[in-house]
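Read off the chains here:
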Amino acid sequence: MEYKIAVLGSAAVGKSSIVVRYIRDSFAESYDPTIEDAYKKHDEFEGKARILDILDTAGMAEYSSLRTQYMEKGIGFVLVYSIIQLKTFQAIEPLIKQIYEVKQKEPATCKIPIIIVGNKVDLDSPGERAVPKEDGEKLAAQYGARFLECSAKTNVNIREIFEQLVNFVDNSDFKHKSEKKSKCPFL
Ligand code: GDP
């Protein structure tokens, strides 16, 4: 089974950096807002071989049909904000709501595999941090999502993002299209 994962969030929060760190363990200080790409990665979690099909999204208008398509096709979602930029955190809840809307599900009855990720934790200092860790945790708890703080720059919690998301998909009510009697099908 392939895991179709979409990485979403405001511009410059580090979406591409997280994906590139995970795929080829490298990091670039330079910023190219135009990059949008799909990557395939074979990995092994808890002794099981997995294929991740990761879409690094960029530059989309809020309600573009392209974004809706990503949400329809995705089985798991990485929603990224920057811990040093409050408005990027404020952009997360509308994204969650949009995913539930597109999948026509209710958080109370069907938990879509979502992990909220606070990136750039290497910049954490009293003067710099704009989003307390507890705020991220609270938002995740509200929607039954997972939560991690990470750094693409220093490679903190990057592989864990994808490991947790795959684990979430495996343990959710999600069933593959071909399987019957799913309580919570969203593909
Ligand atoms: P995207 O637009 O969300 O894909 O963001 P990018 O991955 O292009 O990153 C935007 C900028 O933030 C770039 O200059 C990156 O070098 C920088 N950046 C990304 N992740 C981190 C991180 O974990 N720590 C720090 N300090 N900078 C980062």
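Now for a look at the structure at hand.

## Brief notes about the site of the ligand
Among the 20 residues in the neighbourhood of the ligand, the closest are listed as Lys15, Ser17, Ala28, Glu29 and Asp122. Between Ser16 and the ligand, the recorded distance is 2.9 Å, taken from a backbone N or O atom to an oxygen atom. Here the ligand loses 90% of its free accessible area of 580 Å² to cover by the protein chains. Broken down by element, the residue count for the shell around the ligand peaks at three residues, all from helix α1 (residues 15-24). A class-by-class count of the residues in the shell around the ligand yields eight nonpolar, seven polar and five charged.

## Topic: empty space enclosed by the protein
Empty space among the atoms becomes apparent when a probe as large as a water molecule is rolled across them. Taken as a whole, this structure holds one cavity of 30 Å³ or more when the rule is applied. Each pocket or cavity is described by its volume, and for the largest cavity that value is around 50 Å³. Taken together, Phe45, Glu46, Lys48, Arg50, Glu163, Val166, Asn167 and Asp170 form the lining of the largest cavity. Of all the secondary-structure elements, those providing two or more residues to the lining of the largest cavity are β3 (48-56) and α6 (158-171). Tallying contributions element by element places α6 first for the lining of the largest cavity, with four residues. Looking at the lining of the largest cavity residue by residue, the classes come out as two nonpolar, one polar and five charged.

## Comments concerning the sheet that holds strand β6 (residues 146-149)
Consider a sheet: its strands pair through backbone hydrogen bonds, and that pairing is either parallel or antiparallel. Strand order in the open sheet formed by six strands is β2-β3-β1-β4-β5-β6, with mixed pairing between adjacent strands. Bordering the open sheet on either side are β2 (37-45) and β6, each of which pairs with just one other strand. Each strand of the sheet is rotated relative to its neighbour by a mean of 25 degrees, with strand direction disregarded. Relative to strand β4 (residues 76-82), strand β1 (residues 2-9) runs parallel, the two sharing five bridges. Bridging from a neighbouring strand, Ile5 pairs with Gly76 of β4. Packed onto the sheet, α1 meets β1, β2, β3, β4 and β5 (114-119) and runs at close to 45 degrees relative to β2.

## Here we look at the side chain of Asp56
Among the structural elements, Asp56 can be located in strand β3. We note that Asp56 is buried and unpaired, the nearest opposite charge coming from Lys15 at a distance of 5.9 Å. Within the local environment of Asp56, its side chain forms a polar contact with the side chain of Ser16, the two groups lying 2.8 Å apart.

Rules and cut-offs
- Residues numbered from 1 in each chain as written.
- Predicted model: local features only at pLDDT ≥ 70, side-chain atom pairs only at ≥ 80, totals over all residues.
- Heavy atoms only, no water.
- Near = heavy atom within 4 Å.
- Polar contact = N/O pair within 3.5 Å; in protein donor to acceptor, adjacent residues only side chain to side chain.
- Areas by Shrake-Rupley, 256 points an atom, 1.4 Å probe, with all protein chains shown as cover.
- Helix = DSSP H or I, 4+ residues; strand = E, 2+ residues; numbered from the N terminus.
- Nonpolar A, V, L, I, M, F, W, Y, C, P; charged D, E, K, R; others polar.
- 1 Å grid on protein atoms, 1.4 Å probe; cavity = no way out; pocket = protein on both sides within 12 Å on 5 of 7 lines; lining within 4 Å.
- Points joined across faces, edges and corners; volume = space filled by probe spheres on them.
- Pairing = 2+ DSSP bridges.
- Axes fitted to C-alpha atoms, helices over the stretch in contact; angles between N-to-C directions.
- Contact = heavy atoms within 4.5 Å.
- Buried < 20%, exposed > 50% of the residue type's maximum accessible area, 1.4 Å probe, protein only.
- Lys, Arg positive; Asp, Glu negative; His and termini not counted.
- Salt bridge = Lys/Arg side-chain N within 4 Å of Asp/Glu carboxyl O.

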